[in-house]
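Chain residues, written in single-letter form:
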Amino acid sequence: MLSIQDTSILSPQVQKIFERVRQSADFMPKSQMEKIMERELGAEWRKKIPEFEDKPFAAASIGEVHLGKLADGREVAIKIQYPGVAEGINSDIKNLTAILKMWNIFPKGMYMENLMNVARVELAWECDYIREAKFIRRFREILKNDPVFIVPDVISDLSTNRVLTTEYIYGEPLDKALHYDQETRNLIAESFLRLCFEELFLHRLMQTDPNWANFFYNNSNKKIYLLDFGATRDFDRSFTDSYIQIIRGASVGDRDLVLKSSQKLGFLTGLETKALENAHIDAAMILGEPFKTDAPFDFGNQDITKRIHTIIPVMAEHRLTPPPSESYSLHRKIAGAFLLCANMRAKISCKPIFDDIYARYQKQPKSAK
């Protein structure tokens, strides 16, 4: 979660440490992998996957991914969870909390304990492949007619709580797509930003992990494949009703709307100092700048992150309450979307995207869950 953040938030030295951690997962010994596959899929699991590459082609923090081919010719990706990961979450979070306290990365007003509690819950979600498979199916249905995004199908009879098998796709992670022409980079960034708003406000269901490796771009068909749904969560209508007004207020310069909506959501108590109120509203206004005009916003030539960073000390010192628990993962995804647009050096019109989502949101029945 920390390794994908901007170096203006984390120092380059700390950033490099987390990047090495993220990229340095080891493969399981073959015997251990086979033992897990036999336990999860049965003693004759290789008959179900006639062609199976014993060497993984990808590794992540909690598992590794193997290429296989079924009897009907379909290529599949088999994600196998490392043993003991789910059982070690609490101790891992405890150790990480101790390290972060030692490094003093988060000031007191950032409520690190709340962040770690959210991380503990989300890591448990990440380890539950049955839960992930359910959300893959939901997103596959939601995006079945989308012009850009594709969700690979789950192979249900080869998926369990610790093994997840999906269709294999061809493409490259988005961090390998930075060399494409401006039009292609704009397409990727605009589509990603649109997806964020559609997830949150139209479906109230969001995959909240913006890790580059969760999104593969295929330049031959101009499609983006969504690969990892472990960090998916629902949002209540009561949350999105107020949150969309914060963005609306920021997009039209209505500071009072931002303030009242933030208080309603619990970002503020109403007892804060004027300095904190202004800092909170200023942060929202800065983030709302891309949505204030129909003209293309140049993400490659902006300083949003740095300006937000200058406000953080005030917020950290004067904040009276932790933010809503939903906001941690939501803001991670939004921050990831902004960083993607910046790295893509995108020049896109953001206001029409939000205005369309806002109009469609207002038409939804208030009773929608």
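Residues take numbers from 1 onward in each chain, read along the sequence in its written order. Residues qualify for local features only when their pLDDT is at least 70, as the model is predicted, and side-chain atom pairs are given and counted only at 80 or more; totals for whole chains, interfaces and linings, by contrast, use all residues. Side-chain measures were taken over the full set of non-hydrogen atoms in the model, leaving aside hydrogen atoms and water.

Engineer: Tell me about the pattern of salt bridges, and name the residues and values.
Structural biologist: Every case where a carboxyl oxygen of Asp or Glu lies within 4 Å of a side-chain nitrogen of Lys or Arg is listed as a salt bridge. Under the criterion given, the structure shown has 25 salt bridges. Residues Lys260 and Asp256 are paired through a salt bridge, measuring 3.2 Å at the closest nitrogen-oxygen approach. Within this pair, Lys260 and its partner Asp256 are both found in helix α9 (residues 255-265), separated by 4 residues, close to a single helical turn. Owing to a relative accessible area of 51%, Lys260 belongs among the exposed residues under this scheme. With its nearest N and O atoms 3.1 Å apart, the salt bridge here joins Asp356 to Arg360. Of this pair, Asp356 and Arg360 both sit in helix α13 (residues 351-362), 4 residues apart, roughly one helical turn. By sharing partners, the salt bridges in this structure join Asp146, Arg194, Glu198, Asp356 and Arg360 into a single network. Under the DSSP-based scheme used, a helix requires at least four consecutive residues in state H or I and a strand at least two consecutive residues in state E, with every element numbered from the N terminus. Each residue is placed in one exposure class: buried if its accessible area under a 1.4 Å probe, protein chains only, is under 20% of its type's maximum, exposed if it is over 50%, and partly exposed if it falls in between.

Engineer: Which residues make up the packing of aromatic side chains, and what are the values?
Structural biologist: Whether two aromatic rings pair depends on their centres lying within 6.5 Å, for rings of Phe, Tyr and Trp, where Trp uses its six-membered ring; planes under 30 degrees apart make the pair stacked, over 60 edge-to-face, and the rest tilted. One pass over the full model with this rule turns up 16 aromatic pairs. Between Phe297 and Phe299, the aromatic rings sit 4.9 Å apart at their centres with planes inclined by 70°, giving edge-to-face as the arrangement. Taken individually, Phe297 and Phe299 each receive the classification buried, so the pair is uniform in this respect. An aromatic cluster is present here, built from Phe197, Phe201, Phe291, Phe354, Tyr358 and Tyr361 joined pairwise through their rings. Cation placement over rings: the criterion is NZ of Lys or CZ of Arg within 6 Å of the ring centroid and within 35° of the ring normal. The ring of Phe235 has Arg233 sitting right over it, with the charged end atom 5.1 Å from the ring centre. Sitting over the ring of Tyr358, Arg248 keeps its end group 4.7 Å from the ring centre.

Engineer: So what's going on with the confidence of the model for the protein chain? Residues and values would help.
Structural biologist: A low pLDDT score tells you not to read the predicted coordinates there in detail. Taken residue by residue, the protein chain gives an average pLDDT of 90. The fraction at 70 or more is 90%. The predictor's confidence in any single residue is recorded as pLDDT, a number from 0 to 100. A contact between two residues is defined here by any heavy atoms of the two lying within 4.5 Å. Per-residue pLDDT stays below 50 along residues 1-9; that stretch engages in 33 contacts with residues further than four places along the chain or on separate chains.

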